[in-house]
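Structural description and commentary
Here is how the chains run, residue by residue.
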Amino acid sequence: MTYAGYLGLDRLLSAQHPASDRHDELLFIVIHQTKELWLKEIIHEVKLAKRLIREGDVEPAYKALARVSRIQTIMTLSWDVLATMTPADYLTFRGGLGTSSGFQSWQFRTVEYLLGLKDASFLAFQEEGSDAIAELKSALSAPSLYDDALARMATHGLTLPPKVLDRDVSQPYEASAEVEDAWLAVYRDTARYWELYQLAEKLVDLDDALLTWRHKHVLTVERIIGGKRGTGGTDGASYLQSTLKRRCFPELWSLRTRL
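Residues numbered from 1 in each chain as written. Predicted model: local features only at pLDDT ≥ 70, side-chain atom pairs only at ≥ 80, totals over all residues. Heavy atoms only, no water.

We now examine the nonpolar core. Trp-183 and Leu-252 are the most contacted members of the largest nonpolar core, which totals 71 residues. A per-element tally of this core places helix H11 (residues 194-225) first, with twelve residues. Trp-183 has contacts with Tyr-146, Leu-150, Met-153, Leu-196, Ala-200, Glu-251, Leu-252 and Leu-255, leaving out every residue within four places of it along the chain. (Core = buried A, V, L, I, M, F, W, Y, C linked by side-chain atoms within 4.5 Å. Buried < 20%, exposed > 50% of the residue type's maximum accessible area, 1.4 Å probe, protein only. Helix = DSSP H or I, 4+ residues; strand = E, 2+ residues; numbered from the N terminus. Contact = heavy atoms within 4.5 Å.)

To continue, consider the packing of aromatic side chains. Across all of its chains, the model carries 13 aromatic pairs by this definition. A ring pair is formed by Tyr-146 and Phe-249, whose centres lie 5.2 Å apart and whose planes are at 55 degrees; its orientation type is tilted. Of the two residues, Tyr-146 is situated in helix H8 (residues 145-155) and Phe-249 in the loop between helix H12 (237-242) and helix H13 (250-258); the sequence distance between them amounts to 103 residues. Across this residue pair, the class does not change: Tyr-146 and Phe-249 are buried. Members of the aromatic cluster, connected to one another through ring pairs, are Phe-103, Phe-122, Phe-125 and Tyr-239. Its guanidinium or amino end placed over the ring of Phe-122, Arg-109 lies 3.7 Å from that ring's centre, counting from NZ or CZ. Over the ring of Trp-253 we find Arg-247; its NZ or CZ atom is 5.0 Å from the centre of that ring. (Phe/Tyr/Trp six-rings, centres within 6.5 Å; stacked < 30°, edge-to-face > 60°. Lys NZ or Arg CZ within 6 Å of the ring centre and 35° of its normal.)

Before going further, it helps to spend a moment on the pattern of salt bridges. Enumeration according to the criterion identifies 16 salt bridges in this entry. Here Glu-112 makes a salt bridge to Arg-214, at a shortest N to O gap of 2.6 Å. In this pair, Glu-112 sits in helix H6 (residues 106-115) while Arg-214 sits in helix H11, placing the two residues 102 residues apart along the sequence. Its salt-bridge partner being Arg-258, residue Glu-180 comes within 2.8 Å of it at the nearest N-O pair. Here Arg-258 lies in helix H13 and Glu-180 lies in helix H10 (residues 177-188), a separation of 78 residues in the sequence. In this structure Glu-180 comes out as buried when scored by relative accessible area, which is 14%. Among the charged side chains, a network of salt bridges with common partners joins Arg-109, Glu-112, Arg-214 and Arg-246. (Salt bridge = Lys/Arg side-chain N within 4 Å of Asp/Glu carboxyl O.)

We now examine the environment of Ile-74. Mapped onto the elements, Ile-74 comes out in helix H4 (residues 58-82). You can call Ile-74 partly exposed: its relative accessible area is 42%. In the structure, Ile-74 is positioned 36 residues away from Trp-38 in sequence and 9.0 Å away in space, judged by C-alpha atoms.

A word on the side chain of His-217. The topology assignment puts His-217 in helix H11. With a relative accessible area of 18%, His-217 lands in the buried category.

Axis separation between H10 and H13 bottoms out at 9 Å; the angle between their running directions is 65 degrees. Classified by chirality, the crossing of H13 by H10 is right-handed. Residue-level contacts link Val-179, Glu-180, Asp-181, Trp-183, Leu-184, Tyr-187 and Arg-188 of H10 to Glu-251, Leu-252, Ser-254, Leu-255, Arg-256 and Arg-258 of H13. The residue makeup of the contact of H10 with H13, split by class, is six nonpolar, one polar and six charged. (Axes fitted to C-alpha atoms, helices over the stretch in contact; angles between N-to-C directions. Left-handed = near helix turned anticlockwise from the far one by under 90°. Nonpolar A, V, L, I, M, F, W, Y, C, P; charged D, E, K, R; others polar.)

Below, the structure is given as structure tokens:
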């Protein structure tokens, strides 16, 4: 066994196929391929955390979630590398991208689904019968990480409404005053609910890192293409700006005002 053989470097390093001879296109490809590799690892870790939480083995899940947060930090920093490419550099090869766009990343949408940001409209961007759409449909129809955390709360004797515990998990989660009350009880008695308190803070770490990643994405897009439309047909930076309002775990943010 060799280093190159174990890592499959022949396949990995031959997977970059610039459509032009422009110097900066290789950077553009490598940045996005690297993000997809990290997204693969995030999915791997979140699935582990979900299983552990469902089984009641919550403490080991902290490690997986902490790892995801660190990966998110690296992904955010990578925008700074992409930002070394100027608007003039990007425009020399942007036309060759056609309608391809990060908006179509099925792994990113899978991560959103796993964290609880359910939106079935993104299925339309994947080919029917593909592995990608199968993975997305599976994540869409399964309880999210937040659903698993709320179910765990109920085992601690905290009161959560049936409309939350028995909801259609393929639909977007809607914030609940009763859920906020339950989390508030956790934060007001951390010694009693230490397991849930630590889990909550790990979840906030994920949401925080995702929002930071989105914000840096907006800035990078504005820096490189300004207000132009995205290659995938979105409104570009203005669409990305609208995603900053999303919260995977809304009550973990709102309870802070009441503490």
